[in-house]
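Each chain is listed here by its residues.
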Amino acid sequence: MTQVTILRILLLPLFVTLLASAALAQGTSVAFGTLQQDTGLPVEVTADNLSVDQTTGVAIFTGNVLIGQGEMRLSAPRVLVVYLEDQQGIERMEATGGVTLVSGPDAAESERADYSIAEGTIVMTGNVLLDQGPNALSADRMTVQLDDGTAQMSGRVKTIIQTGGDN
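Quick summary incoming for the structure in this document. Only a predicted model underlies this, so the values are computations on that prediction, with no experimental measurement involved.

With respect to the overall build of the protein chain
- Looking only at helices and strands, one finds one helix and 11 strands in the protein chain.
- Put simply, the protein chain runs from its N terminus to its C terminus through helices and strands in the order α-β-β-β-β-β-β-β-β-β-β-β.
- A burial count over the protein chain gives 34% of its 167 residues as buried.
- Pairs at least 24 residues apart make up 38% of the contacts formed inside the protein chain by residues separated by at least 6 positions.
- Accessible area for the protein chain stands at about 9,800 Å²; split by element, carbon and sulfur atoms hold 54% of it.

Okay, here's the thing in structure tokens:
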């Protein structure tokens, strides 16, 4: 091998990492979870307490709230559930107080998460941290598209990309 070829081989991982970092600094799309989420599946909620207001169509779950839908799990200290006008389903959920979202091997944490059932999106805001095995990403905001299992991260995105070994 020539010196130029050896230099290219040695510098290629550095350039790939720098290009990835530059793209992440402006916002990026990443895979989230191992499967597409069916937002038509039933939503199971468990909590220590429940308060329901029939006139506004709102329920507030507090204390060790765990929400499951298919393979997806969301936990938080407080979740506000807004029902559809006809009370025949859920319009949206607002989780606050420190939220954890798990889908397959991926897990994300944030201060807040807003789940729009009809749109099939979860918007996580406030110190978002996405853990994907040996790699981690952080941002101000992450929007998860449940129908295709992708996420868009924006607002001061930072990543740690492992470059060697078994990755």
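Quick look at unusual backbone geometry
- Unlike most non-glycine residues, asparagine 127 shows phi in positive territory, near 50°.
- For asparagine 127, the location among the structural elements is in strand β8 (residues 121–132).
- Judged by relative accessible area, which is 60%, asparagine 127 ranks as exposed.
- Non-glycine residue arginine 156 carries a positive phi angle of around 55°.
- Relative to the elements of secondary structure, arginine 156 occurs in the loop between β10 (150–154) and β11 (158–160).

Some words on the pattern of salt bridges
- Inspection of every chain in the model, using the stated rule, returns four salt bridges.
- A salt bridge links arginine 112 to glutamate 94; the shortest N-O distance between them is 3.5 Å. Residue arginine 112 is located in strand β7 (residues 106–116), and its partner glutamate 94 is located in strand β6 (residues 90–103); the two are separated by 18 residues in the primary sequence.
- Judged by its relative accessible area of 29%, arginine 112 falls in the partly exposed class.
- In this structure, the salt-bridge partner of aspartate 114 is arginine 112, at a minimum N-O distance of 3.0 Å.

Thoughts on the pairing of β6
- Note: strand β5 (residues 72–83) against β6, 10 bridges, orientation antiparallel. Its bridge partner lying in β6, methionine 72 is registered against serine 103.
- Taken together, β5 and the strand that follows it, β6, pair antiparallel across an intervening segment of six residues, in which glutamine 87 is found at a positive phi of about 60°.
- Taken together, the 10 bridges between β6 and β7 define a ladder with antiparallel strand orientation. Along β7, the bridge assignment pairs glutamate 94 with aspartate 114.
- Where β6 folds back on β7, the antiparallel hairpin that results is connected by two residues, among which glycine 104 adopts a positive phi of roughly 60°.

Points about the side chain of serine 116
- Here serine 116 lies in strand β7.
- Of the polar contacts made by the side chain of serine 116, one reaches the backbone nitrogen of glutamate 119; its length is 3.4 Å.
- Contacts of serine 116, omitting those with residues within four sequence positions, involve Glu91, Arg92 and Thr121.

About the criteria used
- Residues numbered from 1 in each chain as written.
- Predicted model: local features only at pLDDT ≥ 70, side-chain atom pairs only at ≥ 80, totals over all residues.
- Heavy atoms only, no water.
- Helix = DSSP H or I, 4+ residues; strand = E, 2+ residues; numbered from the N terminus.
- Buried < 20%, exposed > 50% of the residue type's maximum accessible area, 1.4 Å probe, protein only.
- Contact = heavy atoms within 4.5 Å.
- Areas by Shrake-Rupley, 256 points an atom, 1.4 Å probe, with all protein chains shown as cover.
- Salt bridge = Lys/Arg side-chain N within 4 Å of Asp/Glu carboxyl O.
- Pairing = 2+ DSSP bridges.
- Polar contact = N/O pair within 3.5 Å; in protein donor to acceptor, adjacent residues only side chain to side chain.

Functional significance is not addressed by these values, which are geometric in nature.
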